[in-house]
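# Coordinate inspection notes
Residues per chain, in single letters:
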Amino acid sequence: MPPDAPFTWIDSNGWLILSGPPDALSELRAQALSRYDGAGAIAYISMADDLGDALMDDMAELGAATGYLVDLETGDNNEIYERLTGAGMIVIEAARASESLERLMTQTVLSAMKSALERGALILLEGAAASLAGEYRLTAESGLSGGMNFVRNALITMSAASELMPDIHHELPEVSIIGLAPAAALALGPGRRIETWGDAEVTISLPDPARLNAIHRGDSSHAHPPTDLL
């Protein structure tokens with residue numbers, strides 16, 4: 001994207017794939033696997049009840065080499081860092097938001113993921129994991145909160161047409177809202193390459209230029225919106 005694009009992402013040699021909620025009929029995992037260069041193992045992080053068994057079986061059927069599960073709950077920080085930074089592909093599945101997922105995305109995990117991206121790894125974030133990747137995120141408890149900041153100046157939702165978009169833009173007028181429907185993904189690559197994958201829509205709701213101009217002029221009626229979104 002051009003330098004003045006409404007949102008940016010980590011500058012690296014790798015690909016960051018933001019996928020909507022997992023869909024058994026979707027080809028997004030196959031497409032991500034086709035972009036993976038095969039250098040380095042595949043690391044899996046799963047918030048599913050089966051602890052990633054179905055995910056790893058699906059990836060194996062798609063032709064993925066044997067990978068390994070990274071246990072963020074009980075693993076040692078040094079071990080977690082080494083297993084993630086050494087991976088050529090990282091897949092994080094989370095069909096729904098949970099406090100556990102947010103808690104487990106520690107600085108150790110984020111630093112390891114960034115290091116892997118810089119080395120050229122591909123990171124596939126599915127469902128609620130993708131919703132954490134923006135500079136901001138929505139939570140059921142407190143409304144808006146900070147995200148992982150892999151995608152700056154953006155908030156990511158698991159819907160192509162979120163009814164909360166007007167409220168979010170009112171609260172964060174300079175932020176783009178990326179909506180991911182099931183079977184849809186946004187692929188962000190090196191050299192500011194951006195692609196949309198899948199059969200469903202990826203929507204990007206841009207800030208309102210009129211409101212931005214008003215804020216930049218110091219219009220207090222636009223500068224202090226309410227904070228209760230949910």
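About the criteria used
Residues numbered from 1 in each chain as written. Predicted model: local features only at pLDDT ≥ 70, side-chain atom pairs only at ≥ 80, totals over all residues. Heavy atoms only, no water. Buried < 20%, exposed > 50% of the residue type's maximum accessible area, 1.4 Å probe, protein only. Helix = DSSP H or I, 4+ residues; strand = E, 2+ residues; numbered from the N terminus. Arc of directions from axis to C-beta. Contact = heavy atoms within 4.5 Å. Polar contact = N/O pair within 3.5 Å; in protein donor to acceptor, adjacent residues only side chain to side chain. Axes fitted to C-alpha atoms, helices over the stretch in contact; angles between N-to-C directions. Parallel < 35°, antiparallel > 145°, perpendicular 65-115°, else oblique. Left-handed = near helix turned anticlockwise from the far one by under 90°. Nonpolar A, V, L, I, M, F, W, Y, C, P; charged D, E, K, R; others polar. Phe/Tyr/Trp six-rings, centres within 6.5 Å; stacked < 30°, edge-to-face > 60°. Pairing = 2+ DSSP bridges. Expected span 1.5 Å × (residues − 1). Patch = residues over 30% accessible without salt bridge, like charges linked within 9 Å, V, L, I, M, F, W, Y side chains within 5 Å. Areas by Shrake-Rupley, 256 points an atom, 1.4 Å probe, with all protein chains shown as cover. Salt bridge = Lys/Arg side-chain N within 4 Å of Asp/Glu carboxyl O. Lys, Arg positive; Asp, Glu negative; His and termini not counted. Charge placed at Lys NZ, Arg CZ, Asp CG, Glu CD.

### Quick word on helix H3 (residues 77-85)
Burial in H3 covers these residues: Ile80, Leu84 and Thr85. The buried residues of H3 occupy an angular sector of 115° when the element is viewed end-on, so they sit on one face. Along H3, the residues that are exposed and aim more than 90 degrees away from the buried face are Asn78 and Glu82. Where the residues of H3 are buried, they touch strand E3 (41-46), strand E5 (87-94) and helix H5 (107-118). Of the residues that open H3, the one with a side-chain oxygen 2.9 Å from the backbone nitrogen of Asn78 is Asp76.

### What about the packing of H3 against H5?
It is at 8 Å that the axes of H3 and H5 come closest, and there the two elements cross at 20°. Relative to H5, the element H3 lies roughly parallel. Regarding H3 and H5, the two cross each other, and that crossing is right-handed. Along the contact surface, H3 presents Asn77, Ile80, Tyr81, Leu84 and Thr85, while H5 presents Thr108, Val109, Ser111, Ala112, Ser115 and Ala116. By residue class, the composition of the contact of H3 with H5 is six nonpolar, five polar and no charged.

### Some details on unusual backbone geometry
Its identity is not glycine, yet Asn153 carries a phi of approximately 60°, on the positive side. Its place among the elements puts Asn153 in strand E9 (residues 151-157). Among the residues examined, Asn153 registers a relative accessible area of 28% and is labelled partly exposed. Of note in this structure, Arg192 is not a glycine but carries a positive phi near 60°. Along the polypeptide, Arg192 turns up in the loop between strand E11 (184-188) and strand E12 (194-198). The class for Arg192 is partly exposed, based on a relative accessible area of 27%.

### Considering the packing of aromatic side chains
For any pair of aromatic rings, geometry is given as the distance between the ring centres together with the angle between the planes. Per the counting criterion, the structure on display carries one aromatic pair. For the pair Phe7 and Trp9, a centre-to-centre distance of 6.2 Å together with 45° between the ring planes defines the contact as tilted. Of the residues examined, Phe7 reaches a relative accessible area of 2% and is grouped as buried. Assessed through its relative accessible area of 2%, Trp9 is described here as buried.

### Topic: the pairing of E5
Of all eight residues in E5, eight are buried; the element is thus mostly enclosed. Both E3 and E5 contribute to a ladder of six bridges, which runs parallel. By the bridge assignment for E5, Ser46 is matched with Glu93. Bridge count for E5 against strand E6 (residues 122-127) is six bridges, and the pairing is parallel. Within the sheet, the bridge partner assigned to Val91 lies in E6 and is Leu124.

### Considering H5
Compared with an ideal rise of 1.5 Å per residue, which puts twelve residues at 16 Å, H5 spans 16 Å between its outermost C-alpha atoms and is within 8% of the ideal. Among the residues of H5, those classed as buried are Val109, Leu110, Ala112, Met113, Ser115, Ala116 and Leu117. Looking at the packing, one finds that the buried side of H5 touches strand E2 (15-19), H3, E5, helix H4 (99-104) and E6. Looking one or two residues beyond H5, the residue adopting positive phi is Gly120, at roughly 105°.

### Re a nonpolar patch on the surface
A surface patch of nonpolar side chains, about 230 Å² in accessible area, is lined by Ile194, Ile204 and Leu206. As for its placement among the helices and strands, Ile194 is situated in strand E12. Here Ile194 falls in the partly exposed class, since its relative accessible area comes to 34%.

### Points about a negative patch on the surface
A cluster of acidic side chains, namely Asp50, Asp53, Asp57 and Glu61, defines a negative patch on the protein surface. If you trace the backbone, Asp53 turns up in helix H2 (residues 53-61). Here Asp53 falls in the partly exposed class, since its relative accessible area comes to 48%.

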